[in-house]
Amino acid sequence: MQQVAELAGVSTALVSLVMRDAPNVSDYRRQLVLAAADELGYRPNVLARNLASRRTQTIGVVLNDLHNPFFAEIVDGLQAAADDNDYRLLIGNGSHSQLGEERSVETFLQFRTDGLVIAGSMQSDDLLEHTSRTAPIVVVGRTSSSEVFDTANTDDHVGARLVVDHLVALGHERIAHIDGGRGAGVIERRAGYRAAMHAHGLGQHIHVVGGDFSEAGGRKAAHVLMQHDRRPTAIFAGNDLSAVGALDVVEDLGFDVPGDVSIVGYDNTSLAAMHHVSLTTINQPTEELGRAAIDLLLERLDGNRTEATHHVADPELICRSTSGPPPAS
């Protein structure tokens, strides 16, 4: 700072004001300081400045699976809201495991991030509540009745019902479901599927096969379904990745989609919208969820709220090319 001040012909106090973006500095003197700083390659010591304010202006973001485009699209919403509030995001990979998630969380706590956003968390509510004693947490993409930490998610029970309603309206009865194993939202989507099937009088056709929210899981589950004596005429996959895996298997086995088998995913990721995939799916408003998560976190950090808040977004059915009437019997 002394070198910048000498080169610009100003005081170190003025340099400090400019680096803190203080308003009470003329444009002329501000440009003098910035030009000198640029010439010297000066960067302010953010860590030292943040120690004084007791804020790091950083938010740790833990993603359940970096290979799932849904989480990348959540980050878009998080980043936009963080930029609006002058916060920086640090990204950690949960590696689709509870242990990987816990390691990322611990790393961010050690780096003194102001708060945490965990997308698709696999940790128990008890563990998340324990962590929230150190830093505020918002869990994205998973429901919870916790009175300690906040959540932002889509109503997955309603989303699953929209899928079944859509397929039944097309004339399907044998509708199978590939779930997501231990993934976030699995319980609600599976329950919504079962409830909707019963509501339509199709309880005898309920068929759930385990998956894991991956293409490989979708392929494996689709092999099981297509070898069944009464194969389904429609498959509701727990997310878009598993739907694409199921789509590959069904077509490789010589069946037409949607002529022989309709396939519906969940998330409405960029993958689903690709022309050669054109997957019918349920939209989760990732921009809304990401922004809501940052807003909830900042409310906590600014001391404006202490009780837990659970933001629930509405799902939307997006009809594309992979769903149609069942084959004539």
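For the structure itself, look to the data block above.
Residues numbered from 1 in each chain as written. Predicted model: local features only at pLDDT ≥ 70, side-chain atom pairs only at ≥ 80, totals over all residues. Heavy atoms only, no water.

> What's the story with the overall build of the protein chain in this structure? I'm lost.
Summing up its helical and strand segments, the protein chain has 13 helices and twelve strands in all. Each principal axis of the C-alpha distribution contributes one length, and for the protein chain these read about 85 × 40 × 30 Å. Across the 329 residues of the protein chain, 51% fall into the buried class. Each charge class in the protein chain was averaged separately, 26 positive and 44 negative side chains, and the resulting centres sit 5 Å apart. (Helix = DSSP H or I, 4+ residues; strand = E, 2+ residues; numbered from the N terminus. Buried < 20%, exposed > 50% of the residue type's maximum accessible area, 1.4 Å probe, protein only. Lys, Arg positive; Asp, Glu negative; His and termini not counted. Charge placed at Lys NZ, Arg CZ, Asp CG, Glu CD.)

> Explain the packing of helix α5 (residues 69-84) against helix α13 (residues 286-301) here, please?
When two helices pack together, their arrangement is given by the angle between the helix axes and the distance between those axes. Packing of α5 against α13 leaves a shortest axis separation of 7 Å and a crossing angle of 50°. The angle between α5 and α13 places the two elements in the oblique class. By crossing handedness, the relation of α5 to α13 is classed as right-handed. Facing F70, E73, I74, D76, G77, L78, A80, A81, A82 and D84 of α5, the residues of α13 in contact are T286, E287, L289, G290, R291, A293 and I294. (Axes fitted to C-alpha atoms, helices over the stretch in contact; angles between N-to-C directions. Parallel < 35°, antiparallel > 145°, perpendicular 65-115°, else oblique. Left-handed = near helix turned anticlockwise from the far one by under 90°. Contact = heavy atoms within 4.5 Å.)

> Teacher, can you tell me more about the sheet that holds strand β7 (residues 207-209) here?
Where strands meet in a sheet, backbone hydrogen bonds hold them as pairs that are either parallel or antiparallel. With parallel pairing, four strands are arranged side by side in an open sheet as β7-β6-β8-β9. A single partner strand is all that each edge strand has here, and the edge strands are β7 and β9 (262-264). On average, each strand axis in the sheet is inclined to that of its neighbour by 20°, with strand direction left out of account. Pairing geometry for strand β6 (residues 175-178) and strand β8 (residues 234-237), over four bridges, is parallel. Residue I175 lies in a different strand from β8, and its bridge partner there is A234. (Pairing = 2+ DSSP bridges.)

> What is the right way to read the pattern of salt bridges from this model?
As a working rule, side chains carrying opposite charge can pair if their charged atoms are close by. Applying the stated criterion across every chain, the model contains ten salt bridges. In this structure, D84 and R291 form a salt bridge, with 3.0 Å as the shortest nitrogen-oxygen distance. Of the two residues, D84 is situated in helix α5 and R291 in helix α13; the sequence distance between them amounts to 207 residues. By relative accessible area, R291 is classed as partly exposed at 30%. Each of the salt bridges in this network shares a partner with another, and the network as a whole consists of D150, E299, R300 and R305. (Salt bridge = Lys/Arg side-chain N within 4 Å of Asp/Glu carboxyl O.)

> Sorry, what's going on with the nonpolar core here?
The tendency in soluble globular proteins is for nonpolar side chains to be buried side by side. Counting 26 residues, the largest nonpolar core has I59, V61, L78, L89, V117, V140 and I294 as its most contacted members. Secondary-structure elements contributing two or more residues to this core are β1 (58-63), α5, β3 (115-119), β4 (137-140) and α13. Ranked by the residues each element gives to this core, the list is headed by α13, at eight residues. Setting aside its immediate chain neighbours within four residues, V117 contacts I59, G60, V61, V62, L78, V138, V140, A293 and L297. (Core = buried A, V, L, I, M, F, W, Y, C linked by side-chain atoms within 4.5 Å.)

> When you look at the packing of aromatic side chains in this model, what are you seeing that I'm missing?
Aromatic ring pairs are defined here through the distance separating the ring centres and the angle between the ring planes. With the rule as written, the count across this model stands at two aromatic pairs. Consider the rings of F70 and F71, whose centres lie 5.4 Å apart with planes at 65°: the pair is edge-to-face. Accessibility classification places F70 together with F71 in one group, the buried group. Taking the ring centre of Y266 as reference, the NZ or CZ of R189 above it sits at 4.0 Å. (Phe/Tyr/Trp six-rings, centres within 6.5 Å; stacked < 30°, edge-to-face > 60°. Lys NZ or Arg CZ within 6 Å of the ring centre and 35° of its normal.)

> Explanation requested: helix α3 (residues 27-40) in the structure shown.
Owing to its 3.6 residues per turn, the α-helix aligns residues three or four sequence positions apart on the same side. Between its first and last C-alpha atoms α3 spans 20 Å; for 14 residues at 1.5 Å apiece the expected length is 20 Å, and the two agree. Looking only at α3, the buried set comprises R30, V33, A36 and A37. The arc enclosing the buried residues of α3, seen along the axis, measures out at 135°, which places them on a common side. More than 90 degrees from the buried face of α3, the exposed residues found are D27, Y28, D38 and E39. Residues of α3 that are buried sit in contact with α1 (2-8) and α2 (12-19). In the segment just after α3, G41 is the residue with positive phi, at about 70°. (Expected span 1.5 Å × (residues − 1). Arc of directions from axis to C-beta.)

> Looking at this structure, I do not really get unusual backbone geometry. What am I missing?
Trans is the prevailing form of peptide bonds, just as negative phi is the prevailing case for residues other than glycine. Cis rather than trans, the peptide bond between V257 and P258 has omega equal to 10°. With respect to the secondary-structure elements, P258 resides in the loop between α11 (240-252) and β9. Its identity as a non-glycine residue notwithstanding, Q57 has a phi of 55°, on the positive side. In this fold, Q57 is placed in the loop between α4 (46-53) and β1. Its identity as a non-glycine residue notwithstanding, F213 has a phi of 65°, on the positive side. Within the secondary structure layout, F213 lies in the loop between β7 and α10 (215-226).

> Would you mind showing me how to read the sheet that holds β4 here?
Ordered by their spatial adjacency, six strands build an open sheet running β2-β1-β3-β4-β5-β11, and the pairing between neighbours is parallel. Of all strands in the sheet, those bounded by a partner on one side alone are β2 (88-93) and β11 (310-313). Strand-to-strand twist of the sheet, defined as the mean angle between neighbouring strand axes without regard to direction, takes the value 15°. Its contacts with the sheet put α5 on β1, β2, β3 and β4, and the angle it makes with β2 is roughly 160°.

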